[in-house]
Amino acid sequence: MMLTRREREIIALLRRDPLAGPQAIADALGSTRASVNVHLSNLGKKGAILGRGYILRAENAVVVVGGANTDVKVRSLAPIRQRTSNPGRAGTTAGGVGRNIAENLARLGTPTHLVAAVGRDAAGERLLAETAAAGVRLDHVHRGAHPTGTYTAVLDADGDLVVAVADMAATESLAPEDLHPARELIAHADMLVLDGNLPADVLAHAMDVAHPAEVPVVIDPVSAPKAAFLAPLLGNRRPVFALTPNLDELRSLLGDFVGDSEAEVVAAAGALHARGVRHVWVRLGARGSVLSSVGEDARFLAAPPAEVADVTGAGDAMLAAFVHALLAGAGPVDAARFGHAAAALTVASPATVRPDLTPRLIEDLLDAGEAPANA
């Protein structure tokens, strides 16, 4: 973390005595209470201490900026027949790509802050309560005039997505100035994760805050249309640590057709490397993925077998586990394998974010090399 000498001295004192007050800290440092209060305020803005009581921020903290909305999932009980009523079951859960990534990270034990927009409505209150209960820090969530967003998904009898409709007006209303209160937090994060649902100017602003502070940036393009808006932002002026498109998103990022062979995917990843992306992790669904890193041979990674209960949220778990493993010291290939295992566990659960997801559960799956049981 980029702390001043005095701030580091205060952190050292708080590690020895977490209950020390401003006057006690001032006495120990030979300073004044007013000066210490200024330093404590700055440490809070930088995310080094969390809230009241001067709780110290853990290492490997991640800031996620992205969408937070309510997921409405409808699943048919039989093969879907078009243009008629189908018998099924419906449920509502907390969702949003950025929010889901943040919750997965928190459940894996990575200290995580979410920057998002929700409405001043009952849906927003429920969403924030559920997210906070999972351990995500929400100090920088923006409460806007638009209703809390919704993502409505129709699943077939096998749990595969048939169609989805997203109302992301709250997220789309975010402006760069809404990120200003979180600038110090972003600049002192160990990693910044961006959700491609964000407006292009917000994505650019977040990247511009992270770059001079040397904070690695990971971006999920989210969809082919959103990837097209992201594409102009990619370049050496705004280097990206990792980009995680699927094949359709990869085509949109390049504005050209890309075949599904490994050689064509690797060649396309090379074009993104030339635009400042260090790791390009292309997801190929049930086939697995291709991880291409600057200066390394590309690797094809097979996806673990899985019994599918619901595919919603699998990609979010995959990215979150990848980030968690990287920050824990894993190399990109092992981190990608960790991500694949998390995705397999998630699709085996009816929940968008598997509530029992832990590093141990993922490691057990990787050790066993077997399909995960339904949760």
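For the structure itself, consult the block above.
Summary of the structure given here. (Residues numbered from 1 in each chain as written. Predicted model: local features only at pLDDT ≥ 70, side-chain atom pairs only at ≥ 80, totals over all residues. Heavy atoms only, no water.)

1. So, the nonpolar core
- Counting 49 residues, the largest nonpolar core has Val-62, Val-64, Ile-101, Val-193, Val-218, Val-323 and Ile-362 as the members making the most contacts within it.
- If you list the elements that add at least two residues to this core, you get β3 (62–65), α4 (97–107), α5 (122–133), β11 (191–195), β13 (240–243), α12 (314–327), α13 (332–347) and α14 (359–368).
- If one sorts the elements of this core by residue count, α12 sits on top with 11 residues.
- Sequence-distant contacts of Ile-101, that is, excluding residues within four places in its chain, are made with Val-64, Val-193, Asp-316, Leu-319 and Ala-320.
- Counting 45 residues, the second-largest nonpolar core is a separate cluster that includes Val-65, Leu-179, Leu-194 and Ala-206. (Core = buried A, V, L, I, M, F, W, Y, C linked by side-chain atoms within 4.5 Å. Buried < 20%, exposed > 50% of the residue type's maximum accessible area, 1.4 Å probe, protein only. Helix = DSSP H or I, 4+ residues; strand = E, 2+ residues; numbered from the N terminus. Contact = heavy atoms within 4.5 Å.)

2. What about the pattern of salt bridges?
- All chains considered together, the criterion is met by 11 salt bridges.
- Among the ionic pairs, Glu-125 bridges to Arg-143, the shortest N-O distance being 3.0 Å. Remark: Arg-143 occurs in strand β8 (residues 142–144) and Glu-125 occurs in helix α5; sequence separation between them is 18 residues.
- Under the relative-accessibility criterion, Glu-125 is labelled partly exposed at 46%.
- Here Arg-143 falls in the partly exposed class, since its relative accessible area comes to 23%.
- Among the salt bridges present, the one from Arg-354 reaches Asp-356, with a minimum N-O distance of 2.7 Å.
- According to the relative accessible area criterion, Arg-354 is buried, its value standing at 5%.
- The exposure class of Asp-356 is partly exposed, given its relative accessible area of 36%.
- What emerges from the salt-bridge pattern is a single network uniting Arg-99, Glu-103 and Arg-107. (Salt bridge = Lys/Arg side-chain N within 4 Å of Asp/Glu carboxyl O.)

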